[in-house]
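Summary of structural features
The primary structure of each chain is shown beneath.
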Amino acid sequence: MDSEMPSKGKIEELYNSYYPIFSCILNNIQNALAETIDLNPKPVLKSRIKSFKSYYSKVLRQRADQIYHTDQLVCLTDMIGVRVVCAFLEDISDVVKQISDNYSVREIERKGSDHNFKEFGYESVHILIDIPSDCLDLGMLSDDYVKSHPIPKELCCEIQIRTILQDAWAEVEHELIYKTEFTPFDEPLRRKLACVNASLSLADTIFQEIRDYQKKFQRAVDERRETFYKQADVITDKENGLETSAKAKAEPEKIGRASPYVRGTIDDMILRALQAHNSGNLDLAVSVYSEIISSGEKMNDTVLSVIHKHRGMAFFAQNKYKEALADFEKSAGFDNKNFRSVYYMGIVHSVMGEEEKAVEAFTKSLEMNSFQAHAYYRRALSHYNLADYKSSLDDLASAARLGLDNDECKALRSKLNKKFDML
């Protein structure tokens, strides 16, 4: 039997002769995955062809019977692989779904999911996919070479999906554990490694919690901004004889108290004010915003700019326009790049009937950021109220170029056309 078994050198020669094919296929798969996976931030893709040393060791362990009586390459499931390294835990399930939706999946395995809290080991999702037909393009290789090296039917690609921290742990673990053998005297080292693994797992969890609350926070900020704009539209449209179809306000999302922020901190207070604001409890929102401003906590100018802007929006919702204007001015003062607060100043001036000041504020905001379609529209309204019809029409054209041509724009354009017909 031993005489019929190919030598290690012969097996290595055969394996290495397939390297150009593996390399070409793997490059095609990595490029395809880069186009398929849609995440923000983009994951890092790494690829590798299994070294012959690892391949040979695994073949002897798992497929020794298959290397007898044959000069065919024995296929393993992980000879070629791509690693997808994501920023957050939630990204892993997104990548799994996107791969499952776009490729023929043979198997999905969640490594490390069976560990108990006393054990250490890396966690990772491994997916085996069939080689996509469009990734079998070996155009760079000669026809003779391809004919003499038929692609094994069993060939597949292993895709490993991990977070950055899981990947870091796996790399270190591979060197410290997988390549060595622990003895009973290594228990202190095992405890230390378990502590490191637990710390990395906790860090991944905390990163995900913070990301979750950032998303909720941003959705709530977007909702509040939209409410602010709608209120301004209602006031402006009434003044200009336009009808506004009020939409039912959706129930605000509750941020909840299971927050990564410590109670009483600035972050925690902002979340509390945000919830009160979006729930319509404007008095409480203003009170909390004011408490933050006067708390004596050391805050940078950017944070102060944001808090004053938020409190200004709450004052505006209470029809306290002077207080709102004062906060927007302070917000802009703390951050000279805050074009939104300057834009809000223009809205308040317009609502107060101070159209010249409104035009001045809108113009200043557009100088900071010229891609504001609504700022052009509101300046067009102010120009109209000042009887500067040509400037109003020019601003409407700018708003349309930026994609804003809603019913309000069309109504204003109709009124302008009538004015020009009368001239």
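The structure contained in this document is the topic of the report that follows. (Residues numbered from 1 in each chain as written. Predicted model: local features only at pLDDT ≥ 70, side-chain atom pairs only at ≥ 80, totals over all residues. Heavy atoms only, no water.)

As a further point, take the overall build of the chain. The secondary structure content of the chain amounts to 16 helices and five strands. For the chain, buried positions account for 43% of its 423 residues. A sequence separation of at least 24 residues applies to 68% of the contacts in the chain between residues at least 6 apart. A total accessible area of about 23700 Å² is found for the chain, and carbon and sulfur atoms account for 51% of it. (Helix = DSSP H or I, 4+ residues; strand = E, 2+ residues; numbered from the N terminus. Buried < 20%, exposed > 50% of the residue type's maximum accessible area, 1.4 Å probe, protein only. Contact = heavy atoms within 4.5 Å. Areas by Shrake-Rupley, 256 points an atom, 1.4 Å probe, with all protein chains shown as cover.)

Turning our attention to the pairing of strand β4 (residues 124-130). Burial of β4 is extensive: six of the seven residues sit out of reach of the surface. By the bridge criterion, six bridges tie strand β3 (residues 105-111) to β4 in an arrangement that is antiparallel. In the strand pairing of β4, K111 is matched with S124. The pairing of β4 with strand β5 (residues 156-163) spans six bridges and is classified as antiparallel. (Pairing = 2+ DSSP bridges.)

A word on the pattern of salt bridges. Summed over the entire model, instances satisfying the criterion amount to 15 salt bridges. The partner of D78 in a salt bridge is K50, and the shortest N-O contact between them spans 3.0 Å. Taken as a pair, D78 in the loop between α3 (52-62) and β2 (80-86) and K50 in the loop between β1 (44-49) and α3 lie far apart in primary sequence, 28 residues in all. Each member of the pair, D78 together with K50, is buried. Here R311 and D327 are joined by a salt bridge, their closest N and O atoms 2.7 Å apart. Of the two residues, R311 sits in helix α10 (residues 301-317) while D327 sits in helix α11 (residues 321-334), which places them 16 residues apart along the sequence. (Salt bridge = Lys/Arg side-chain N within 4 Å of Asp/Glu carboxyl O.)

In spatial order, the strands read β1-β2-β5-β4-β3; together these five strands make up an open sheet with mixed pairing. What marks the edges here is a single partner per strand, and that holds for β1 and β3. Across the sheet, the mean angle from the axis of one strand to that of its neighbour is 20°, orientation sign disregarded. Most of the contacts of helix α4 (residues 89-102) go to β5, to which it runs at about 160°, and overall it touches β2, β3, β4 and β5. (Axes fitted to C-alpha atoms, helices over the stretch in contact; angles between N-to-C directions.)

A separate point is the packing of helix α12 (residues 339-351) against helix α14 (residues 373-385). The description of two helices packed together rests on the angle between their axes and the distance between the axes. Here α12 crosses α14 at 25°, and the two axes come no closer than 11 Å. By the angle between their directions, the pair α12 and α14 is classed as roughly parallel. With respect to the hand of their crossing, α12 and α14 are arranged in left-handed fashion. Counted together, Y343, I347 and S350 of α12 and H374, A375, R378 and S382 of α14 form the full contact between these two elements. Of the residues belonging to the contact of α12 with α14, the class tally is three nonpolar, three polar and one charged. (Parallel < 35°, antiparallel > 145°, perpendicular 65-115°, else oblique. Left-handed = near helix turned anticlockwise from the far one by under 90°. Nonpolar A, V, L, I, M, F, W, Y, C, P; charged D, E, K, R; others polar.)

Before going further, it helps to spend a moment on the packing of aromatic side chains. This structure, assessed with the given rule, holds 14 aromatic pairs. Centre to centre, the rings of Y15 and F52 are 5.9 Å apart; their planes meet at 50°, and the pair counts as tilted. Taken together, the residues Y15 in helix α1 (residues 8-17) and F52 in helix α3 connect sequence positions 37 residues apart. Using a relative accessible area of 3% as the deciding quantity, one classes Y15 as buried. Owing to a relative accessible area of 10%, F52 belongs among the buried residues under this scheme. Cluster of aromatic residues (ring-pair linked, three or more members): F228, F316, Y321, F328, Y343, Y344 and F362. (Phe/Tyr/Trp six-rings, centres within 6.5 Å; stacked < 30°, edge-to-face > 60°.)

This part takes up the side chain of H126. Within the secondary structure layout, H126 lies in strand β4. Residue H126 is classed as buried on the basis of its relative accessible area of 7%. Among the polar contacts listed, one links the side chain of H126 to the side chain of S124, at a separation of 3.2 Å. (Polar contact = N/O pair within 3.5 Å; in protein donor to acceptor, adjacent residues only side chain to side chain.)

Attention now goes to the environment of N385. Mapped onto the elements, N385 comes out in helix α14. Of the polar contacts made by the side chain of N385, one reaches the side chain of E355; its length is 2.9 Å.

Our focus in this paragraph is the nonpolar core. As a rule of thumb, nonpolar side chains are buried together in soluble globular proteins. In this structure, I292, F316, F328, I347 and L412 are the most contacted members of the largest nonpolar core, which totals 50 residues. Aside from chain neighbours lying at most four places away, what touches I347 is F228, Y229, A232, F316, F362 and R378. In this structure, Y15, V74, Y145 and I159 belong to the second largest nonpolar core, which totals 46 residues. (Core = buried A, V, L, I, M, F, W, Y, C linked by side-chain atoms within 4.5 Å.)

Moving on: unusual backbone geometry. Backbone phi values are negative for most residues with the exception of glycine, while trans is the configuration of most peptide bonds. A cis amide bond links N40 with the next residue in sequence, P41, at an omega value of 5°. For N319, which is not glycine, the phi torsion reads 65° and is therefore positive. Along the chain, N319 falls in the loop between α10 and α11. A positive phi angle, close to 65°, is found at A387, a residue other than glycine. Assignment of secondary structure puts A387 in the loop between α14 and α15 (389-401).

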